[in-house]
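# Observations on the model geometry
Each chain, written out:
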Amino acid sequence: MQRRVENIAMFGLACLWTFPLIWAFWTAFRPREMATSWELTPDFTLNNFVHVWNGAPFAQYYLNTLIIVTGILAVQLVTATLAAYVFAKVRFWGRDILFILFLVQIIVPADVLLFPNYNVLGDLSLLDTKLGIMMPYFASALGIFLLRQTFKTFPSELEEAARMEGCSWWQMLWKIYVPLARPTYIAFGLVSVSYHWNNFMWPLIVTNSVENRPLTVGLAIFATSFETGAQWAEVSAATVMVILPLLLAFLLFQRQFLNSFIHSGIK
Amino acid sequence: MEKGQWAAKFKINAYAWLLLLPSLIFLILFTFYPVIKTLIFSFYQADLSTPEPLFNGIDNYRRMLGDEVFWKVLKNNLWITLGTVPTSMALALMMALYANKLLRVKSLIRTAFFYPTVIPMIAIANIWLFIYTPEYGALSHFLHWFGLEHLNWLGNQELVTWAMIIMIIWKEAGYFMIFYLAGLQNISQELYESASLDGAKSWTVFSRITFPLLMPTTLFVMVIAVTNSFKLVDHLVIMTQGGPDNASNLLLYYIYQTAFSFWDQGMASALTVVMVLILVVIAAFQFLFLDKKIHYN
């Protein structure tokens, strides 16, 4: 009996949780004039997507988001690998203090420093550039911590053996450490990509042109360009277009995503 | 010999700092420098009427403390925290306990609860805007089925906070669930076996074993939840712009308005300092009261 009540309650909760998504998809495929009606008729159309794609530069937004997300990740992986290696394996002057200083970024992330970072970017003459959107995230304390943790578990014999073979430190890093830490790289990569795919406030402030706007900002501009409720079908279609890539990736690689996001808790 | 050692040591140090340099540059440029600059700038008058920043001591802070909107925004932030954190954590624990038990439907249920985490807040705002729209929105339809009047959820000062709380709980609970799932994995199965041998009821098992052993997870999730609740901002751009009459405004959005709509840069800096202080206090709580070893080493 208790089990039954539990099952029904949780099933209900799950339905409640999926409703907004299902509704958004449903509306996105409905003819425009039926978007707000709740009659179950078999009318479906792809017109909304066609209108959105032709009516706003979403292709450009997609490209921008792709460039920004991969750009950030690529630089993060390099900077984090180097820093993590040093923190994990090298004893040097100032290590502990520096490590604590890196912690500060986790406590005070760039997202809350919107206004001062806007000024920094202005001083660098990088406002309204893709590089400007990416730059505050080039160093990732989260990435450094995750990789450091992993590198620390590698036995020092590994390093000695590589030295004996005549490997330089960077050869060792590249050929031994990086391949061995692959799960950590994937975990961090997924968190970084989802985070920056979804990031909104910073690019909103920094960008001012179609050439640099990512999907999220494009979506917001598209959605707010209509009177409330006037274009539900099209706004839903645009919303679906923005969320679909990550959502599909998540559905395909669920276990991987869940593991990654558990690591992200460090922030 | 000694000289050689020194040289070797110097070389190691130089290497280490060189490898840290790329990270350090960006860390300084976009974390330390802005924080310090903000602190300094918060003591200056810098708005549209002062082309050159003018030192004015604690004037910005005095003005801030006398600013009704500032207090309202802080109060809203606190209500959002109080309204979302306990409920979403309780739901997350329920979800995790359930999803952990049932093997077959487990992953489906997990998917249903977790997916809001991978959707941008701005998309969520679009969808929920339609849910809350009076007359045509989903919520109005539901209420209509039950013979209730439709309400203007986002246009009413009292209701808008509740509307936001419900949406944020929906967005966050699944994310917190995964930490509880991980926590549950760490509880030894033997404990449950011996408890069932003793004939313990499921509530007893939960209150005597599961919940106490999940305490570190609970504290950890609480810190993330409170921090996240103070960083909320994206949805306001789409849904309410902080209105009606700042009823849904939050600190980060108020900073955004002050900086980029009112162009009061001194005030925006003072507000940013408050924001940073709040985050530091939460982090200090974490360091003082939680075992930092669990998460950082």
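Residues numbered from 1 in each chain as written. Chains lettered and ligands numbered in written order. Predicted model: local features only at pLDDT ≥ 70, side-chain atom pairs only at ≥ 80, totals over all residues. Heavy atoms only, no water.

When you go through chain A residue by residue, the secondary structure sums to 14 helices and 0 strands. Traced from its N-terminal end to its C-terminal end, chain A shows the element sequence α-α-α-α-α-α-α-α-α-α-α-α-α-α. Rg of the C-alpha trace for chain A: 23 Å, well past the compact-globule value of 18 Å for 267 residues, more than 25% over. Seen through its C-alpha atoms, chain A measures out along the principal axes to roughly 75 × 65 × 30 Å. Mean positive and mean negative side-chain charge positions of chain A (16 and 15 charges, respectively) differ by 10 Å. (Helix = DSSP H or I, 4+ residues; strand = E, 2+ residues; numbered from the N terminus. Rg over C-alpha atoms; globule rule 2.2 N^0.38 Å. Lys, Arg positive; Asp, Glu negative; His and termini not counted. Charge placed at Lys NZ, Arg CZ, Asp CG, Glu CD.)

Secondary structure assignment for chain B yields 14 helices and 2 strands. The C-alpha atoms of chain B give a radius of gyration of 25 Å, which is well past the 19 Å a tight globule of 297 residues would have. Expressed along its principal axes, the backbone C-alpha trace of chain B runs to roughly 75 × 70 × 30 Å. Counting only residues that meet the buried cut, chain B has 55% of its 297 residues in that class. Relative to all contacts within chain B whose residues are 6 or more apart in sequence, the contacts with residues 24 or more apart total 66%. (Buried < 20%, exposed > 50% of the residue type's maximum accessible area, 1.4 Å probe, protein only. Contact = heavy atoms within 4.5 Å.)

All right, on to the interface of chain B and chain A then. Counting residues at the interface gives 89 residues for chain B, matched by 88 residues for chain A. If you sort the residues of chain B by the area they bury against chain A, Leu19, Phe30 and Phe130 of chain B come out on top, with a joint share of 9%. Here chain B is connected to chain A by 0 salt bridges. Here chain B is connected to chain A by 10 residue pairs in polar contact (both at pLDDT 80 or more). Per-element tally for the side of chain B that touches chain A: the top contributor is helix H1 (residues 2-41) of chain B, with 21 residues. Considering only residue class, the side of chain B that touches chain A consists of 66 nonpolar, 18 polar and 5 charged. (Buried area = accessible area lost by both parts, 1.4 Å probe. Salt bridge = Lys/Arg side-chain N within 4 Å of Asp/Glu carboxyl O. Polar contact = N/O pair within 3.5 Å; in protein donor to acceptor, adjacent residues only side chain to side chain. Nonpolar A, V, L, I, M, F, W, Y, C, P; charged D, E, K, R; others polar.)

So, on to the domain arrangement of chain B. Domain annotation of chain B identifies domain 1 (2-41) and domain 2 (64-296). Its C-alpha centre places domain 1 of chain B at a distance of 37 Å from the equivalent point of domain 2 of chain B. (Domains from an automatic or database assignment.)

Moving on, we come to the side chain of threonine 111 of chain B. Tracing the backbone through its elements, the reader meets threonine 111 of chain B in helix H4 (residues 103-114). Contact partners of threonine 111 of chain B, with chain neighbours within four places excluded, come to Phe250, Leu251 and Gln254 of chain A.

Residues spaced three or four apart along an α-helix point in a common direction, a consequence of the helix completing one turn every 3.6 residues. Taking 1.5 Å of rise per residue, 12 residues should cover 16 Å, and helix H9 (residues 202-213) of chain B covers 15 Å from first to last C-alpha, within 8% of that figure. Summarising the contacts, the buried residues of H9 of chain B are in contact with helix H3 (68-101), helix H7 (157-185) and helix H8 (189-197) of chain B. (Expected span 1.5 Å × (residues − 1).)

If you look at the biggest cluster of nonpolar residues, it comprises 163 residues, and the most contacted ones within it are Phe58 of chain A together with Met239 of chain B. At 18 residues, H7 of chain B tops the list of elements feeding residues into this core. In this structure, phenylalanine 58 of chain A is in contact with Val52, Trp53, Leu215, Gly218, Leu219, Phe222, Ala238, Met241 and Val242 of chain A, ignoring residues within four places of it in sequence. Ala84, Tyr85, Ile144 and Ala181 of chain A belong to the second largest nonpolar core, which has 35 residues in total. (Core = buried A, V, L, I, M, F, W, Y, C linked by side-chain atoms within 4.5 Å.)

The subject of this paragraph is unusual backbone geometry. If a residue is not glycine, its phi is most likely negative; likewise, a peptide bond is most likely trans. All names here are of chain A. One non-glycine residue, aspartate 128, lies in the positive phi region at around 55 degrees. Counting through the fold element by element, aspartate 128 comes out in the loop between helix H5 (114-123) and helix H6 (130-134). Owing to a relative accessible area of 21%, aspartate 128 belongs among the partly exposed residues under this scheme.

What follows deals with the confidence of the model for chain B. All names here are of chain B. Averaged over all residues, the pLDDT of chain B is 88; the fraction at 70 or higher stands at 96%. Helix H12 (residues 251-260) holds the highest mean pLDDT among the elements of chain B, 94, whereas helix H14 (residues 292-296) holds the lowest, 45. Here residues 293-297 is modelled with pLDDT under 50, and outside its nearest four sequence neighbours on either side it reaches 13 contacts, counting other chains as well. (pLDDT = per-residue confidence, 0-100.)

Time to look at the layout of surface pockets. Here the largest pocket defines a volume of roughly 910 Å³. As for the largest pocket, its lining consists of 25 residues, of which Glu6 of chain A together with Leu97, Lys101, Ser202 and Phe206 of chain B are closest to the centre. Breaking the lining of the largest pocket down by element, the ones donating at least two residues are helix H1 (2-28) of chain A together with H3, H7, H8 and H9 of chain B. When residues in the lining of the largest pocket are grouped by element, the largest group, 7 residues, is from H3 of chain B. (1 Å grid on protein atoms, 1.4 Å probe; cavity = no way out; pocket = protein on both sides within 12 Å on 5 of 7 lines; lining within 4 Å. Points joined across faces, edges and corners; volume = space filled by probe spheres on them.)

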